[in-house]
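So you can see what is in the structure, the chains are spelled out below.
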Amino acid sequence: MVLVSATEMIQKAHAGHYAVGAFNINNLEWTKAILAAAEETKSPVMLGVSEGAGKYMCGYKTVVAMVKEVHDAMGITVPVAIHLDHGSYEGAKEAIAAGFTSVMFDGSHYDFQENLEKSKEIIALAHSKGISVECEVGSIGGEEDGVVGMGECADPAECSTIAGLGVDFLAAGIGNIHGKYPANWAGLNFDVLGKIQEATDGKPLVLHGGSGIPADQIAKAISLGVSKINVNTELQLVFAEATREYIMAGKDQEGKGYDPRKLLAPGTKAIQAKVNAMINQFGSANKA
């Protein structure tokens with residue numbers, strides 16, 4: 001099965017009041033673990049790739065080739081999209097050319113008019129090739145590949161304008177942040193989320209910074225139109241914890257425990273377990 005655009009899976013999620021997980025990949029282990037969890041739970045899935053991770057994995061073409069080969073070798077049958085996360089204007093065009101099936105153009109750091117014009121161009125280019133597009137209004141808190149946002153809430157009117165361009169799904173800041181959530185985090189702003197969903201006439205919305213948000217807030221966000229949830233930090237944390245436990249227990253010094261296939265196995269299993277749990281939490285299990 002070929003990789004697919006995310007449009008259909010996100011539209012089905014929106015209509016069915018659940019969300020598709022967009023889990024960021026960083027290497028082969030991440031890719032295998034996430035695909036295995038999606039296949040096990042019979043869930044559609046998006047493999048997110050940040051620009052930094054794309055460079056780390058030797059470029060977008062390398063990433064696409066790896067994902068396709070792993071996908072086929074594992075016999076994956078569920079819908080899978082490979083998605084550029086927080087893409088720049090040039091990065092989005094490069095990912096489209098490399099064979100990504102979905103891209104995010106993050107123009108939230110531009111003034112609104114420039115964000116609008118660049119979003120319009122990326123949408124037209126992607127749609128001409130059958131590729132789904134996500135755009136952003138209102139920056140997401142925390143840091144993502146050097147872009148720092150304070151987590152301000154998006155303007156519903158601006159969201160309406162971007163949605164009117166024909167974007168497939170829209171990321172709008174509602175107080176969410178990237179990375180670990182601080183103890184004094186105020187939580188998601190559901191009043192703004194509801195206004196954005198109304199202003200965009202039911203456009204599927206995206207929740208970035210999905211790691212660490214309480215389950216009740218995730219559920220409420222989905223009920224208010226969130227149909228795609230991004231997860232990265234939470235997978236990094238469980239991978240690091242499992243790897244640390246393996247080494248602290250001295251397993252790397254037993255026999256050939258230093259073999260990277262053995263050294264990375266506990267972390268990979270931890271990612272798969274976490275993705276499995278989050279897929280069930282988001283409600284996309286058995287929706288493939």
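This section reports on the structure supplied with the text. Not measured: the values here are computed from a predicted model. Residue positions are given per chain, counted from 1 along the sequence in the order it is written. The model is predicted, so local features are restricted to residues of pLDDT at least 70 and side-chain atom pairs to those at 80 or more, both for listing and for counting; the totals for chains, interfaces and linings are taken over all residues. Note: side-chain values were computed over all heavy atoms of the structure, leaving out hydrogens and water.

For Phe, Tyr and Trp, where Trp contributes only its six-membered ring, two rings pair if their centres lie within 6.5 Å, and the inter-plane angle classes them as stacked under 30 degrees, edge-to-face over 60, or tilted in between. Using the criterion set out here, one finds five aromatic pairs in the structure. Between the aromatic rings of Tyr60 and Phe100, the centroid separation amounts to 5.3 Å while the plane-to-plane angle is 75°, which identifies the pairing as edge-to-face. Residue Tyr60 is found in helix 4 (residues 60–73), and its partner Phe100 is found in the loop between helix 5 (89–98) and strand 4 (102–105); the two are separated by 40 residues along the sequence. Here Tyr60 and Phe100 have matching classes, each one buried. Taken together, Tyr89, Phe105 and Tyr110 form an aromatic cluster joined through their ring pairs. Strands are runs of DSSP state E lasting at least two residues, helices are runs of H or I lasting at least four, and both sets are numbered from the N terminus onward. Note on classification: 1.4 Å probe, protein chains only; a residue is buried when its accessible area is under 20% of the maximum for its type, exposed when over 50%, partly exposed between these limits.

This part is about the side chain of Lys203. Mapping Lys203 onto the fold places it in the loop between helix 8 (190–199) and strand 9 (205–207). Under the convention used here, Asp and Glu are negative, Lys and Arg are positive, and both His and the chain ends fall outside the count. Salt-bridge detection follows one rule: a side-chain nitrogen of Lys or Arg within 4 Å of a carboxyl oxygen of Asp or Glu. It turns out Lys203 is buried and unbridged, and the closest side chain with the opposite charge, Asp168, is 6.4 Å from it. At a separation of 2.7 Å, a polar atom in the side chain of Lys203 contacts the main-chain carbonyl oxygen of Val167. Leaving out residues up to four positions away in the same chain, Lys203 has contacts with His14, Ala163, Gly166, Val167, Asp168, Phe169, Leu170, Gln197 and Gly225. Counting of polar contacts relies on pairs of N or O atoms within 3.5 Å, with two restrictions inside protein: one atom must be capable of donating a hydrogen and the other of accepting it, and residues adjacent in sequence are counted only when both atoms are side-chain atoms. The contact rule is simple, with two residues in contact once any of their heavy atoms fall within 4.5 Å.

Most of strand 10 (residues 226–231) is tucked away, with six of its six residues classed as buried. The criterion for strand pairing is that DSSP finds at least two bridges linking the strands in question. When strand 1 (residues 20–24) meets strand 10, the two strands line up parallel, connected through four bridges. The partner of Val20 across the bridge, within strand 10, is Lys228. Two strands pair when backbone bridges link them, and strand 9 and strand 10 are joined in this way by three bridges, in the parallel orientation. Following the sheet pairing, Leu205 is matched in strand 10 by Val226.

Among the residues of helix 8, those classed as buried are Phe190, Val192, Leu193, Ile196 and Gln197. Down the axis, helix 8 shows its buried residues gathered within 155° of arc, on one side only. Those residues of helix 8 that are buried lie in contact with helix 1 (7–16), helix 7 (156–163), strand 8 (169–172), strand 9, helix 9 (215–223) and strand 10. It is the directions from the helix axis to the C-beta atoms that the arc portrays.

Axis lines are fitted through C-alpha atoms, for helices just across the contact stretch, and the angle between N-to-C directions can take any value from 0 to 180 degrees. The N-to-C vectors of helix 2 (residues 28–41) and helix 4 enclose an angle of 40°; their axes lie 10 Å apart at closest approach. With respect to each other, helix 2 and helix 4 are oriented oblique. Crossing hand, helix 2 versus helix 4: right-handed. Here Leu28, Thr31, Lys32 and Leu35 of helix 2 lie close against helix 4, whose contacting residues are Met66, Val67, Val70 and His71. An angle counts as roughly parallel when it lies under 35 degrees, as roughly antiparallel when it exceeds 145, as roughly perpendicular when it falls between 65 and 115, and as oblique in every other case. Throughout, a crossing is termed right-handed when the near helix is turned clockwise from the far one, and left-handed when it is turned anticlockwise from it by less than a right angle.

Along any regular strand, the residues point their side chains to alternate faces of the sheet. Judged by how many residues are buried, strand 1 sits mostly within the fold: five of five residues are covered. The side-chain alternation of strand 1 yields two buried faces, one formed by Val20, Ala22 and Asn24 and the other by Gly21 and Phe23. Across three bridges, the pairing between strand 1 and strand 2 (residues 45–50) is parallel. When the sheet's bridge partners are listed, Ala22 is paired in strand 2 with Met46. Running through helix 2, the crossover from strand 1 to the neighbouring parallel element strand 2 is right-handed. Note on handedness: a crossover is taken as right-handed if, strands pointing away from the viewer, the path from the first strand over the helix to the second is clockwise.

Before going further, it helps to spend a moment on unusual backbone geometry. Most peptide bonds take the trans form, and the phi angle of most residues other than glycine is negative. Located in the positive-phi region is Lys42, a residue other than glycine, with phi close to 55°. When you line up the elements, Lys42 lands in the loop between helix 2 and strand 2. Under the relative-accessibility criterion, Lys42 is labelled partly exposed at 36%. At Asp201, a residue that is not glycine, the phi angle is positive and equals roughly 60°. Take Asp201: it is sitting in the loop between helix 8 and strand 9.

This part is about the sheet that holds strand 3 (residues 80–87). Sheet architecture is closed into a barrel: eight strands sit in the order 1-2-3-4-5-8-9-10, paired in parallel fashion. Taking each pair of neighbouring strands and ignoring which way they run, the sheet shows an average axis angle of 25°. Here helix 4 sits on the sheet in contact with strand 2 and strand 3, set at roughly 155° to strand 3.

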